Amino acid sequence: MKKRSGSYPRVRVEGGGRSVVAQAGAVLLVETVRKVGLDTAISAALSPWRKPRAVHDPGKILLDVALAVALGGDCLADVGMLRAEPAVFGPVASDPTVSRLVDALAASGPKALAAIRGARSQVRQGVRELAGASSPAADGQVIVDIDGVLVLAHSEKQDATPTWKKTFGHHPLVAFVDHGQAGSGEPVAALLRPGNAGSNTAADHIETAQLALAQLPSHLRRGRQTLIRTDSAGGTHAFLDWLSKPGRWLSYSVGMTITDAIHQAVLKIPKKAWTPAYDAEGTERPGAWVAEITDMPDLSSWPKGMRLIVRKERPHPGAQLRFTDLDGNRLTCFATNTKGGQLADLELRHRRRARCEDRIRG
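A brief look at the structure comes next. (Residues numbered from 1 in each chain as written. Predicted model: local features only at pLDDT ≥ 70, side-chain atom pairs only at ≥ 80, totals over all residues. Heavy atoms only, no water.)

What follows deals with the pairing of strand E14 (residues 330-336). In terms of burial, E14 is largely enclosed, as five of its seven residues are buried. Examined bridge by bridge, strand E13 (residues 307-313) and E14 share seven bridges and lie antiparallel to one another. Note on E14: the bridge partner recorded for Lys312 is Leu331. (Buried < 20%, exposed > 50% of the residue type's maximum accessible area, 1.4 Å probe, protein only. Helix = DSSP H or I, 4+ residues; strand = E, 2+ residues; numbered from the N terminus. Pairing = 2+ DSSP bridges.)

With that settled, the discussion passes to the packing of helix H3 (residues 58-70) against helix H6 (residues 95-108). The geometry of H3 relative to H6 is characterised by a closest axis approach of 10 Å and an angle of 105° between their N-to-C directions. In this view, H3 runs roughly perpendicular relative to H6, as classed from their interaxial angle. Contacts from Pro58, Ile61, Leu62 and Val65 in H3 reach Thr97, Val98, Leu101 and Leu105 in H6. Residue classes in the contact of H3 with H6 are distributed as seven nonpolar, one polar and no charged. (Axes fitted to C-alpha atoms, helices over the stretch in contact; angles between N-to-C directions. Parallel < 35°, antiparallel > 145°, perpendicular 65-115°, else oblique. Contact = heavy atoms within 4.5 Å. Nonpolar A, V, L, I, M, F, W, Y, C, P; charged D, E, K, R; others polar.)

Turning our attention to the packing of aromatic side chains. Enumeration according to the criterion identifies one aromatic pair in this entry. Between Phe239 and Trp242, the ring centres sit 6.4 Å apart and the planes meet at 5°, which makes this aromatic pair stacked. Linking Phe239 with Trp242, this pair stays in helix H9 (residues 237-243), spanning three residues, or about one helical turn. In this pair, the class of Phe239 matches that of Trp242, namely buried. For the cation-ring pair, Lys312 lies above Trp274, with the distance from its terminal atom to the ring centre recorded as 4.5 Å. We note Lys312 situated over the ring of Trp289; from NZ or CZ to the ring centre the distance is 5.4 Å. (Phe/Tyr/Trp six-rings, centres within 6.5 Å; stacked < 30°, edge-to-face > 60°. Lys NZ or Arg CZ within 6 Å of the ring centre and 35° of its normal.)

Okay, the layout of surface pockets next. In this structure, the second largest pocket spans a volume of roughly 1,200 Å³. Forming the boundary of the second largest pocket are 42 residues, of which Asp231, Ser232, Thr332, Arg353 and Glu357 lie nearest the centre. For the lining of the second largest pocket, the secondary structure elements donating two or more residues are strand E3 (142-148), strand E10 (251-256), E13, E14, helix H11 (343-351) and helix H12 (354-361). By residue number, the principal contributor to the lining of the second largest pocket is E14, which donates five residues. Here the lining of the second largest pocket is built from residues that sort into 17 nonpolar, eleven polar and 14 charged. (1 Å grid on protein atoms, 1.4 Å probe; cavity = no way out; pocket = protein on both sides within 12 Å on 5 of 7 lines; lining within 4 Å. Points joined across faces, edges and corners; volume = space filled by probe spheres on them.)

None of this, on its own, says anything about what the molecule does.
Structure below.
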């Protein structure tokens, strides 16, 4: 049984075996859309693209496409699975109508994207209020992870090109807010890029960080409450300069490539300067150590207040060593502007960015 309300029907679940529908699992998503007001926010944001006397609302069409993707769809025509269940999803636009809306939004470019992102930011703040939380902080700090991912394409889709792994497809940058080990993470931004986009392109990292920050409340960008975390692809002068710009008040933990200067500095670290690293539970990890080398290489061209911390670890059985490794130990390095703190804690905080990689794969 159902009652019309808003853009989607209200569905009541019964166990009697009558009026059985497919894709009923999407009811949870539909109710979430309704509860947080995403349907009304997207509809209002896309109202400039609604033609007079149009039957289907642009916001509802876009949400239907998103629901189809959540249900396993991989092309616009897959909204047909929603169209087959009007009792669950209400009226669903035809394939030509969906395609025309996508063409119209694409023609508007940044204007349409800004409208959609603004609606998402508005709804995201409302979700935090419903959850009784003013911030999505994990461990007392909002952590935004930025990482790239290769998306394979099996046809010559727009901007699909050969990738650095000799595959074919796209190379978007994705930003997640880390909700801790028990959380699923919160995808806040994605920058679409062709497959041949560079891994360490500073302009792309800056744009992705800006898109992610726009989804956070402004008060979280003060007092270094937001930490930007990346792998060594973000370890460029331009990106770190942007993160460190006076008045931006961002913290960062960014992987760094082991250069000759860093390697020479590691050679000079006295044995007593190495302290045990921590494992995922925060206890000492056998065969892994950390040390700080901030005062050893020349960092005059890098942002003021940047610290360099290195980690050495015995490689796992069968792992291949690199030229930048030392005495049979795997070396990694990262930069941070966090003052104080135990080196092992800072290194563990940085290493936890691997959760972003898991979430992208998921």
